[in-house]
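As a plain string of letters, each chain reads:
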Amino acid sequence: MSLAVPLSSRLAAPVVGVVLIAANLRPSLMGVGPVLKDMQADTGLAPSLLGLLITMPVIAFGAISPLAAPLARRFGLERVLLGAMVLLALGIALRSLPGTAALFGGAALLGAAIAVGNVLVPALIRRDFAERIGVMTSVFVTTLAGVAAVGAGLAVPLEALLGWRAALAVWALPALLAAAWWALLGARLSPTPAPPAAVKAPPRPGALWRSALAWQVSLFMGLQSLAFYVLVAWLPTLLRDAGLSAAAAGSYAFLYQVACLTGSLLAPLLAARAKEQRWHALAASLLSLVGFVGLAGTSPSMAWILLAGLGSGSSLALSLAFFSLRAHDASQTASLSGMAQSVGYSLAALGPVGFGLLHDVSGGWLAPLVVLWVLVGVQAWAGWMAGRGRRI
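Residues numbered from 1 in each chain as written. Predicted model: local features only at pLDDT ≥ 70, side-chain atom pairs only at ≥ 80, totals over all residues. Heavy atoms only, no water.

> What am I meant to see in the confidence of the model for the protein chain here?
Low pLDDT means the predicted atomic positions in that stretch should not be read closely. Summing up the model confidence of the protein chain, the mean pLDDT is 83 and the portion of residues at 70 or higher is 91%. Counting contacts from residues 1-7, a segment whose pLDDT is below 50, to residues more than four positions away or on other chains yields 11 contacts. A low-confidence stretch, residues 189-201 stays under pLDDT 50, and its non-local contacts, those more than four residues away or across chains, total 14 contacts. (pLDDT = per-residue confidence, 0-100. Contact = heavy atoms within 4.5 Å.)

Here you go:
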C-alpha cells in the first residue's frame, strides 16, 4: 500500500506514533548545552561534573539499549514505548527539580527512556511498514534531527522567559503527549500480527553477538555516532581556533546540522530501493571523510561543513535502516538495534573526550583529525560489509 493514498487506521496510527516518539528523542538533550553556564552559576557544580551530566544520557544509551528488545518481547512494542515516554517525562521533570541528586537522577532516567525509543522504533518500522522501510526511516530520522535543532534553538529564549529549570522541564509536555497517544493506540488497536512465515523464535542469548554481519552493522553505527558527537562537541571551538568569529562558528555549526538533516532525509529513500546498500554507505562515509579532511585547512570553508553534514546525516539514516534491512522480522530488528546502539553509543561517549585529549597532548587539531580520518575509513569498510544484500 502506498503512503500516497489514505492509510487504514492500523497504519495511520503508528505513523503518528513514530513521529511523536522521534520528536521526543533529542530536544531534552540538545537544550542543556546552551544554558550550561547559567546551570553552573546556579548549582555551583564543577565543569567536570557538568560534563558528566551531558555525557550521562549517552552512557545510558549504551547500557540500556540491550534491554529494550527483551522488554518488547515480554510486554509488546506498544506497552514498552508507552512506558518509555512516561519515564522520559518523569526524568525530564526530575532533572528540573532543585538538588544535585535530582539533576543527575533525572538525566539518567531520561537517557534510559530515550535508549528504549532509539532501539524499538526501527523494530516498529520493520513490523508495520515492511514495504516502506526507506520512507518511514526517513520520516523518523528527519523528525528526530529537525526537532533536535528546534530544541537547541529554543533553549536560550525559553530560559530568558522561564528560567533554566522550567526551560528544561517544558520538554516533559511533548513526552506526555506521546504517552497519551500510545495509551490510546494500545486501547484501540491490538498489535499487528506478523505473517506466519515471518514468525521466528527469539534469538538465543548471545547468538547475535557472534554474527559477523551484526558486528559490521554495529561498527558502522558506532563509528558514525562517534564522528557526529565529536563534531557536535568540538566544531565551534575548532572553527574559532582557525580564525572564525564566535558568530561565524555558530552559523557554521548550525549549517552542519541542516546538512545532516538533508542527508538523513534523502539517504534512506535511495538506499531502501536497492538490493544492496554498499555504495550508499561508502558514498556517505567518503562525504564525511572529505569534509573532515577540509577542516584541517587554515581557513575551513562552508563547503567542507556541508559535505561533512551530508555524510554524517546519511550515515546515521543508513545505520538505522540497516537494523530493518539486515533482519528477518521485528523481533530480530529490535535485538540488532539494541546491540548496535549499545556498541555505538559506548563508542560515541568516548569520542569527544578522546578528541579533546588528543588536542591537549598534541597542542593542535591536526592529530585528532588524522585519527578521525582513520576511523571514518574503518567506517567506510564496515558500511561496505554491512550494506551487502544479506540478512542475519
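> Which parts of the structure should I look at to understand the pattern of salt bridges?
When charged atoms on two side chains of opposite charge get close, those side chains can pair. Under the criterion given, the structure shown has four salt bridges. Across the pair Arg-127 and Glu-78 runs a salt bridge whose closest N-O atoms are separated by 2.8 Å. Here the residue Arg-127 occupies a position in helix α6 (residues 100-128), and Glu-78 occupies one in helix α5 (residues 77-95), the gap between them amounting to 49 residues. For Glu-78, a relative accessible area of 11% translates into the label buried. (Salt bridge = Lys/Arg side-chain N within 4 Å of Asp/Glu carboxyl O. Helix = DSSP H or I, 4+ residues; strand = E, 2+ residues; numbered from the N terminus. Buried < 20%, exposed > 50% of the residue type's maximum accessible area, 1.4 Å probe, protein only.)

> What should I look at first to understand the side chain of Ser-312 in this one?
Note on placement: Ser-312 falls in helix α13 (residues 302-325). Among the polar contacts made by the side chain of Ser-312, one reaches the side chain of Tyr-256 at a distance of 2.9 Å. Other than its neighbours up to four places away in sequence, Ser-312 contacts Gln-224, Phe-228, Tyr-256, Cys-260, Ser-288 and Phe-292. (Polar contact = N/O pair within 3.5 Å; in protein donor to acceptor, adjacent residues only side chain to side chain.)

> How should I be thinking about a nonpolar patch on the surface in this particular structure?
Residues Leu-366, Val-370, Val-374, Val-378 and Trp-381 make up a contiguous nonpolar surface patch of roughly 440 Å² in combined accessible area. Within the secondary structure, Val-374 is located in helix α15 (residues 366-386). Of the residues examined, Val-374 reaches a relative accessible area of 52% and is grouped as exposed. (Patch = residues over 30% accessible without salt bridge, like charges linked within 9 Å, V, L, I, M, F, W, Y side chains within 5 Å. Areas by Shrake-Rupley, 256 points an atom, 1.4 Å probe, with all protein chains shown as cover.)

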